[in-house]
Amino acid sequence: MNLKSLLAKPFAQYIHKQIRRNSSNALSDQDAILKQLLKIGKGTVFGKDHHLEAVHTYDEFHQAIPIRDYELLKPYISQVKEGKENVLWKGKPIYFAKTSGTTSGVKYIPITKDSIPNHINTARNALLCYMAETGNSAFAGGKMIFLSGSPELERVGGVPTGRLSGIVNHHIPSYLRTNQLPSYETNCIEDWETKLDKIVEETIRKDMSLISGIPPWMQMYFDRLIEKSGKKVGDLFPNFSVMVQGGVNFEPYRAKLFESIGRKVDSIELFPASEGFFAFQDSQEAYGLLLNTNSGIFFEFIPAGEIFSENPTRLSLKDVKIGQNYALIINSNAGLWGYNIGDTVKFVSTDPYRLVVTGRIKHFISAFGEHVIGEEVEAALLKAATATGASIVEFTVAPMIAQGEGKSYHEWFIEFEKEPDDMNAFIEQTDNNLREKNVYYDDLIRGNILQRLQINRVRKNGFIDYMRSIGKLGGQNKVPRLSNDRVLADGLNSFVQS
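Model, not experiment: these values are computed from the prediction. (Residues numbered from 1 in each chain as written. Predicted model: local features only at pLDDT ≥ 70, side-chain atom pairs only at ≥ 80, totals over all residues. Heavy atoms only, no water.)

The next thing to look at is the overall build of the protein chain. A tally of regular secondary structure across the protein chain gives 18 helices and 20 strands. Judged by the C-alpha coordinates and their principal axes, the protein chain covers about 60 × 55 × 45 Å. Burial status across the protein chain gives 55% buried among its 498 residues. In the protein chain, of all internal contacts separated by at least 6 residues, the share reaching a separation of at least 24 is 66%. Within the structure as shown, the protein chain displays about 21800 Å² of accessible surface, and the carbon and sulfur contribution to it stands at 49%. Looking at the protein chain, you have 57 positive and 58 negative side-chain charges, and the mean spots of the two groups are 6 Å apart. (Helix = DSSP H or I, 4+ residues; strand = E, 2+ residues; numbered from the N terminus. Buried < 20%, exposed > 50% of the residue type's maximum accessible area, 1.4 Å probe, protein only. Contact = heavy atoms within 4.5 Å. Areas by Shrake-Rupley, 256 points an atom, 1.4 Å probe, with all protein chains shown as cover. Lys, Arg positive; Asp, Glu negative; His and termini not counted. Charge placed at Lys NZ, Arg CZ, Asp CG, Glu CD.)

For the rest of this paragraph, the subject is the pairing of strand 12 (residues 297-303). Burial within strand 12 is extensive, with 7 of its 7 residues counted as buried. Every second residue of strand 12 is oriented toward a common face, with Ile 297, Phe 299, Phe 301 and Pro 303 on one face and Phe 298, Glu 300 and Ile 302 on the other, all of them buried. Bridging between strand 12 and strand 13 (residues 325-332) involves 7 bridges; their strand directions are antiparallel. Opposite Glu 300, over in strand 13, you have Ile 329 as the bridge partner. (Pairing = 2+ DSSP bridges.)

Packed helices, taken two at a time, are described by the angle their axes make and the gap between the axes. The geometry of helix 15 (residues 423-437) relative to helix 16 (residues 439-446) is characterised by a closest axis approach of 5 Å and an angle of 125 degrees between their N-to-C directions. Considering their axes alone, helix 15 and helix 16 lie oblique with respect to each other. Contacts between helix 15 and helix 16 involve Asp 431, Leu 434, Arg 435 and Lys 437 from the former and Val 439, Tyr 441, Asp 442, Ile 445 and Arg 446 from the latter. Residues that form the contact of helix 15 with helix 16 fall into these classes: 4 nonpolar, no polar and 5 charged. (Axes fitted to C-alpha atoms, helices over the stretch in contact; angles between N-to-C directions. Parallel < 35°, antiparallel > 145°, perpendicular 65-115°, else oblique. Nonpolar A, V, L, I, M, F, W, Y, C, P; charged D, E, K, R; others polar.)

In this section: empty space enclosed by the protein. Using the criterion set out here, one finds 3 cavities of 30 Å³ or more in the structure. Within this model, the largest cavity holds a volume of roughly 70 Å³. Val 80, Leu 88, Trp 89, Gly 91 and Pro 93 are the residues nearest the centre of the largest cavity, which is lined by 13 residues in total. (1 Å grid on protein atoms, 1.4 Å probe; cavity = no way out; pocket = protein on both sides within 12 Å on 5 of 7 lines; lining within 4 Å. Points joined across faces, edges and corners; volume = space filled by probe spheres on them.)

This next bit is on the nonpolar core. Phe 271, Phe 278, Phe 301, Ile 330, Trp 337 and Phe 347 are the most contacted members of the largest nonpolar core, which has 55 residues in total. With 6 residues, the top contributor of residues to this core is helix 2 (residues 26-41). Beyond its immediate sequence surroundings of up to four residues, Phe 271 is in contact with Gly 276, Phe 277, Phe 278, Ala 279, Leu 289, Leu 328, Ile 341, Asp 343, Val 345, Leu 355 and Val 357. By size, the runner-up hydrophobic cluster in this structure holds 42 residues, among which are Ile 145, Leu 181, Val 233 and Tyr 253. (Core = buried A, V, L, I, M, F, W, Y, C linked by side-chain atoms within 4.5 Å.)

Take a look at the structure:
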């Protein structure tokens, strides 16, 4: 064990105890954060527009602050981009995190001096909790790869601007720089496939101990390593022991990633976004992700079925219930107020507050009134795959509305690593699993309004080729699990096996 690994252990124990203490004080910490947000926010342009000087309680707060998405916050963001100060938060942001929105085009999310520790420290805390719980600190002495966006930054309104992962890259502690791969020059390559080839070239002969990234792009990295070396990833990197992942639900990718590794490694799940780092896996034993309740973000929750209502129910942390789906709303020291991040979550524990991410608000199918969500299709598919021995690479689902004769149905596009022996049985099981998960879908099938789902087999690398064709290969881009329209489905038709 090298010096870094030895020094990491006492620090890990210290941070782990601190996080345990914070998790037991979650409600009081949330109250303190709200008060601090109001104290600073009342002096901003936004605060004056919303009379925050007169707000003292949570009830007064949610009366004063409407729910917003990026489009509704954009007029304030535009003022910041023009160089104005004290618009959403004191002073000016130190960065803009540049991200692609589905309806807003490019989004510019402010990161302030006060909010940057939330982004930097949370991933660190997840690793330190893992060290403290498992005793494994040896990985700290090996090479670590963070599959991320380019660290090159441009300036917008005088503010350094780039992908969040690239911004965070500038804040990696100096003591980890010698462990970090790929090189800065390789990280700056914009074209994903060119970059991936260089990453493989730089890492294939290194002592990799930790690999981190979004699951589909980690899988592409693993595939290239296996193609180049002829070895499983776990054989190629004997000391590889920790995989860190986030950005999408891990479960649909789990089986293929571990098959590519060829042996067990520990995994740590994160819940980051450009708007903030919301939760992280703090334990290898407990289910769910620990909510980041003491990191500059005041959380609100709206029952998922009410998110598009004119006056939805708004709950603070103390009123959430286990097992209910909520839209996640944040108020933060980045200057985001009543901000709907677009994700839905479900609490699996309230002591401490742990949750799972269940989907995206805009990723659902309700063309026939069924309101099927991502959590339901993922669970239905994985259960069928486990029962039939099938292995899934990627999938998405869209409604097919019948024109003329015939019934409508849900159309699934699936790229299989290993197809089921009996495709009809697989389809029937997946459909029955979804019916068990969603009573409205079951009613539509029973009432002969919908016919059983149908599956299109996407050819090998079809999803990768589709993402390449629309200029969204690599980086932080993800394939939506569900769409309530046919845009993605129609685009995939040319990648379906004949």
